[in-house]
Every structure is written in structure tokens, then in C-alpha cells.
Amino acid sequence: MNQDHLRKRIDVSTKRIPADVVVKNGKIIDVFNLEMIEADIAIVDGYIAGIGEYDGHETIDATGKYVSPAFIDGHVHIESSMVTPLEFSKVLLAHGVTTVITDPHEIGNVSGTTGIRFMLDQSEGLPLDVRVMLPSSVPATPFENAGATLKAPDLEPFYKHPRVLGLAEVMDFPAVFKGDNDMLSKIVSAANYNGIIDGHAAGLDANGINVYRSSLITTDHECTTAVEALDRIRRGMYVLIREGSVAKNLKVLIKAVTANNARRFLFCTDDKHLDDLVAEGSVDHNVRIAIKEGISPLQAIQLATLNAAECYGLDEKGAISPGRVADFILLDDLDTISISEVFVGGKSVAKDGAFTGKQANMEKPTALLTQSVNLPKIGSEKLAIPINTGDSIYVIEVIPNQLVTKKKVFPAITENGCFTPSVSDDLLKMAVIERHKQTGNIGLGVVKGLLIKNGAIASTVAHDSHNLVVCGTNDEDMLVAIEAILNMQGGYVIVKNGKVLASVPLPISGLMSDQPFTKVNEEIIHLKAKLKDLGFTGDFDPFLTLSFLTLPVIPEMKLTDLGLFDFKTFQHISVKAD
């Protein structure tokens, strides 16, 4: 801001000159007092200059509408939407979300600083305000191989970017606990730039939270119980209530919200696929669920706006008040959060569920980003799991719609001295193949609960290192799926009887499409429809579930390119049970 802009804002506030835009006849949601205000909103240069009685050059008639601050997503990985920031913005703006706090952790693990720079460049100048937290854990852990390694000196130049807020989810708790030099240098670097530091406290008890808070970590989005949430609140953390595509924690965690502690909660989506964003929304979906679970509409809106803004130091966001950016939503109904129109800086960007803002053109990604799937020749011998008849094996058991899994032991079904999948027992073979540097690493394991009765599915979306993950009922279809992924340079694929039934190409770092979100959404819908050809009848997304079976920082057991990983002992173990 310069002095002329400030003087103009004051002149509008004092009514010496008319506002650029005035919103009239609406019921303003006051998120400070949780009450309604019936008054005009004066807007100048995209900022609110006053609430009261005002005249302006342009009038927005909000008769019969509620005027709410626009929503903020406190933690999201844009890459999980499978589209570029530009296309992502079109979807979110239509759902009333005008600001996101994003962690380019996914593309950072594949493409390093080139990937982070791509996300910053691609989100520049969009009507969606994209604030960035720098990836803290690339690679996420030493128990897998990623495409890049980012240390504190690699991240430090990015702190000078005006949209970078701090250090993203610190998920390597053992590194913090042990005082690892690399991790501490990242935390200290962020703190020296007055950056916010996000946590990832999956499975941590109260003492673990003590360690995190002592390390300047202020947030957690990994709570799965109300008890965990309260442990974090008691120690001064913010709790981000997550409702994504696979991790759906809102209905449980919202029970921890009371009149006394509500200001320490906010909403996030974390990882949410494009088709879910289009069909049900983003944070607006969180707000609707919270209301259905008994939270008052104004309180739910406060969590989605003011709380998120204060958590991340966005003093110009989160409320309808003088001095703040004029990002707001016109709602037809409070109970259903029916969105009529969305405004950014006082200008309409979406109406009746559709993006109406200006179209932007972005540069195409470089070959460094579009040639990220590098595999050696893989034959069926590489997928063999040697097991003797009569042996027992460790099995990853899926919990539908949760990130956590169970560690189980089952008798092995063998053929020619190797494990063979059993459809009747729902025991499938799973492989994680290092795809960044052609190391030849292949981790092999067995999974129960994916409910696939024929064929194979594969993807390069495999958190957090995003190696190639494939699961199937037979080696032949698994090998066809691997080859199809290589040819597409990343994405999703379904194979049955040696033929590709459906695919979604994701050539940008094997994570995102370069196509419009409408086309990608159609491809995803087709892909999921074809799952029935594999006999899948579950009420969850097996692709999304599969993508998190490779995440070793989540209990109880996962699979990386280095093998089966036991979260409790924090080490790799043999498939053969002791």
C-alpha cells in the first residue's frame, strides 16, 4: 500500500467520496461476535473501507442473501487434485474458497526445487490466493527413495517470496525427537524468517506433542480422535479438522469443539481428488457437515474463515470488516451453505456453482517435469515373493476411508515357492517400484481390503515419494499396468486380461494433468466406473487408498520401494512373519 491508496480508503470510510462498490441489503455474518449485521459494505481498491450506510459507483444487491467471509483451506496439496493451480482455482472459487494454504510436498518429492518453483509460478496472478508452505520432508523419511532431497539451504531462498508463509508439515517426528541436524536447521531457518511451522502428529501421544510444541510446531491435521484433538489444544496447537477424499475425520473431531476452545480449530481438505472437489466441494463441504453434526452455522463459518486466517497470520483475510480484503460469498441459505456468488477483491469470480472470472494462460511445464517416470526393464521374476508352504505372512489390512492401516498375520498361499494372490481371501500382491532414478528398487507386500477380484490397478500418485505403486490379482496384469504407466509418463491405469480398460494420464511429475479440469474429471469418472469390471464393490476409492499404503509415517504398516515398513518399530520387516 502507498499513501494515496490509504488516503482514498479513508476518504471512502469517512464518506467524503463514494466507494467503488457497495454491497447493500444483505445480512452480514460477523465472525467476531457470531451474529448478524444488517448494513452496507463499502469497498475500494478491493478492500473493505466501512460497514454502515454508504454510496458507491456500483451496487451489489444482496437482498435475501447472507454475506459471509470467503472460505480458507488451512492445508491442501494442490497436486492431489491432479490438475494445475490454474484449473484447481476454477474449481475452488466456485465453492467459495478464495484462499488456500498449500504444501507442494508432492511435486517437491518428485522434482525438487524445480517443482516448487513451478507451483509458485503457476499460481501467480490467479484470483485464488495461493499461500505456500515449504516442504519440510523431502524425502519424507529415510525409509524410501524420492526424486529429490531438499535441505535447509535449498529452501531458504523461497522464504523471500511474498506468498511463502513458512515450513510445511514436519512429518519426520523421529528426526525432531532425536534433534537431527538437518531437521533442526529447517525449523530454525523458518523461525528466523518468522515463518509458521506445521506439524504432522499422526499417532503421537501427549509427550510427543510436548516435543513438537517445544520445536515451534503450531498445527496438526492428523488427529483421528477427539482425545487427540484436545491433547493438542491443551498444549497450544491449532487443530485442522480434515475432510478429504480418503481421510474423513470431521464427524469424530467436531465433537471436541466447544464454545471455550472453538477458536483453536479450523478446516482443511489435505488430499482431495478432483471428482470429489467438483461433486461435493472443498471447505464448504466441511462447513456443511459440521452444521449437520450440530455446530451452529456461524460457528462453522468462523472455523472456515477467521480461525484459519489467524492461524496463518493472514490479517487481511477471514472476516467482513474494514481494512480486510473484500473476499466474500453470497449465501442463499445458512443451513445448507448454498452459494449464490463468490467475490474476490469485490469482483465476482463465480456464480451459481461455475467459475466466471478471467481466463489466464500459463507456460507449459519443462521436460524436467514431464519426463519423471524412469524404470528399468521389469519382468515377472521381479514381482516374486518367495514364501515356503506353511509360512505365515504380514499383511497390510485396509481400513476404508482412513489413512491408518492394520498389521495382520495370515497363512501364506503359495505356488512354486512364492506367494500367490487369493481373491477368495482378498489377499492381493502389491509392489512399490522406484521410478525416479532407475535404482531397480522394488518393495513387495500383500494387502487385504482393496476388494479387487480381477486384474490390476497402478498409479504414480503414491504418497509421499510418489514411486510407482501397483496392486493386482496376477503378475501378468500388473506388468501391463506398469508398462502403461511408463508410456503415459505417470497417471492411473486399470488393466484386466492384459488390456488397459481405463487410464488418466498425469504427465506433470506423474502427479498432474496438463488438461482442463472438466476433461480430467470425465477421465476420473470413467476410470472409477471401470473398477466394477474388476469386481470392485466397495464404498471407498481403491486408487486413493492405494496411494496412502506407501506412506510410512502413518500407522500401522505400509510398503515403500525398500520393502514392508512397520510403523511401531519404525523399521522395515520381512513379509514372512516371525
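Description of the structure in this document. Along each chain, numbering runs from 1 in the same order as the chain's sequence is written. Residue-level local features of this predicted model are given only where pLDDT is at least 70; pairs of side-chain atoms are given and counted only at 80 or more, and the full residue set underlies all totals for whole chains, interfaces and linings. Side-chain descriptors were evaluated using all non-hydrogen atoms of the structure, hydrogens and water having been removed beforehand.

**What about the pattern of salt bridges?**
Part 1 of the argument: By definition here, a salt bridge exists when the distance from a side-chain nitrogen of Lys or Arg to a carboxyl oxygen of Asp or Glu is within 4 Å. The full count for this structure, using the stated rule, is 26 salt bridges.
Part 2 of the argument: For Asp-20, the salt bridge identified is with Lys-8, shortest N-O distance 3.9 Å. Of this pair, Asp-20 sits in strand S1 (residues 19-24) while Lys-8 sits in helix H1 (residues 3-13), placing them 12 residues apart in sequence.
Part 3 of the argument: The classification of residues rests on relative accessible area computed with a 1.4 Å probe and restricted to protein chains. Under 20% of the type maximum is buried, over 50% is exposed, and intermediate values are partly exposed. Exposure remark for Asp-20: the relative accessible area of 26% places this residue in the partly exposed category.
Part 4 of the argument: Since its relative accessible area comes to 29%, Lys-8 is described here as partly exposed.
Part 5 of the argument: Between Lys-24 and Asp-40 there is a salt bridge, and its shortest N-O distance comes to 2.8 Å. Taken together, the positions of Lys-24 in strand S1 and Asp-40 in strand S4 (residues 40-44) put the pair 16 residues apart, joining distant regions of the chain.
Part 6 of the argument: Given the relative accessible area of 10%, Asp-40 is considered buried.
Part 7 of the argument: In the salt-bridge network here, residues are joined through shared partners; they are Asp-129, Arg-131, Lys-317 and Asp-327. The way it works is that DSSP assigns letters per residue, a run of H or I at least four long becomes a helix, a run of E at least two long becomes a strand, and they are numbered from the N terminus.

**Things to note about empty space enclosed by the protein**
Part 1 of the argument: Grid points spaced at 1 Å and placed over the protein atoms alone form the basis of the search, with a cavity being a set where a 1.4 Å probe fits but cannot get out and a pocket an open set showing protein on both sides within 12 Å along at least five of seven lines. Lining residues have an atom within 4 Å of a point. Grid points are joined across faces, edges and corners, and a volume is the space filled by probe spheres set on the points. Enumeration over the complete set of coordinates arrives at five cavities of 30 Å³ or more.
Part 2 of the argument: Along the wall of the largest cavity there are 15 residues; nearest its centre are Glu-169, Glu-222, Asp-270, Asp-271 and Leu-551.
Part 3 of the argument: Among the residues forming the lining of the largest cavity, the class breakdown is four nonpolar, four polar and seven charged.
Part 4 of the argument: Each domain span listed reflects an automatic or database assignment of domains. Mapping the lining of the largest cavity onto the domain boundaries places at least three of its residues in each of domain 2 (68-363) and domain 3 (369-572). Nonpolar residues are Ala, Val, Leu, Ile, Met, Phe, Trp, Tyr, Cys and Pro. Charged residues are Asp, Glu, Lys and Arg, and all others, Gly as well, are polar.

**A few points about the nonpolar core**
Part 1 of the argument: The criterion is simple. A nonpolar core is a set of buried Ala, Val, Leu, Ile, Met, Phe, Trp, Tyr and Cys residues joined through side-chain atoms within 4.5 Å. Counting residues in hydrophobic clusters, the biggest one holds 152 residues, and the most contacted among them are Ile-241, Phe-267 and Val-287.
Part 2 of the argument: Each of domain 2 (68-363) and domain 3 (369-572) contributes no fewer than three residues to this core.
Part 3 of the argument: Residue contacts are defined here by distance: any two heavy atoms, one from each residue, within 4.5 Å place the two residues in contact. Among all residues touching Val-287, those that are not within four sequence positions of it are Phe-71, Phe-267, Ala-300, Ile-301, Ala-304 and Ile-337.

**Some thoughts on helix H3 (residues 105-122)**
Part 1 of the argument: One less than the residue count of a helix, multiplied by 1.5 Å, gives the span that helix is expected to have. The end-to-end C-alpha distance of H3 is 15 Å, clearly below the 26 Å that 18 residues give at a rise of 1.5 Å each.
Part 2 of the argument: What we call the bend at a residue is the angle made by axes fitted to the seven residues finishing there and the seven residues starting there. The largest bend in H3 is about 140°, located at Ser-111.
Part 3 of the argument: Of all 18 residues in H3, 14 are buried, a share of seventy percent or more.

**So, the side chain of Lys-90**
Part 1 of the argument: Residue placement: Lys-90 occurs in helix H2 (residues 85-94).
Part 2 of the argument: Lys-90 has contacts with Phe-355, Gln-359 and Phe-517, leaving out every residue within four places of it along the chain.

**A look at helix H8 (residues 226-234)**
Side chains three or four residues apart in an α-helix point the same way, a direct result of the helix having 3.6 residues per turn.
Part 1 of the argument: What H8 keeps buried is the set Glu-228, Ala-229, Asp-231, Arg-232 and Ile-233.
Part 2 of the argument: Looking at the buried positions of H8, the neighbouring elements they touch are helix H7 (206-214), strand S13 (219-220), strand S14 (238-242), helix H9 (250-253) and strand S15 (265-268).
Part 3 of the argument: Where H8 ends, the next residue or the one after it, Gly-236, has phi of about 85°, a positive value.

**With respect to the environment of Asp-327**
Part 1 of the argument: Relative to the elements of secondary structure, Asp-327 occurs in the loop between helix H13 (306-311) and strand S16 (328-333).
Part 2 of the argument: A C-alpha to C-alpha distance of 29 Å links Asp-327 and Ile-233, two positions 94 residues apart in sequence.
Part 3 of the argument: Setting aside residues no more than four positions away along its own chain, Asp-327 makes contact with Pro-69, Ala-70, Thr-98, Thr-99, Lys-317, Ile-320, Phe-343, Val-344 and Gly-345.
Part 4 of the argument: N or O atoms closer than or at 3.5 Å make up a polar contact, with two conditions inside protein: a donor-capable atom paired with an acceptor-capable one, and, for residues adjacent in sequence, both atoms drawn from side chains. Separated by 3.1 Å, the side chains of Asp-327 and Lys-317 make a polar contact.

**Looking at unusual backbone geometry**
Part 1 of the argument: In the segment running from His-463 into Asp-464, the intervening peptide bond is cis, with an omega of 0°.
Part 2 of the argument: Locating Asp-464 in the fold gives a position in the loop between strand S26 (456-459) and strand S27 (468-472).
Part 3 of the argument: Glu-556 follows Pro-555 through a cis peptide bond whose omega is -10°.
Part 4 of the argument: Mapping Glu-556 onto the fold places it in the loop between helix H17 (542-548) and strand S30 (557-560).
Part 5 of the argument: Its identity as a non-glycine residue notwithstanding, Asn-194 has a phi of 60°, on the positive side.

Don't take any of this as a statement about function, it's just geometry.
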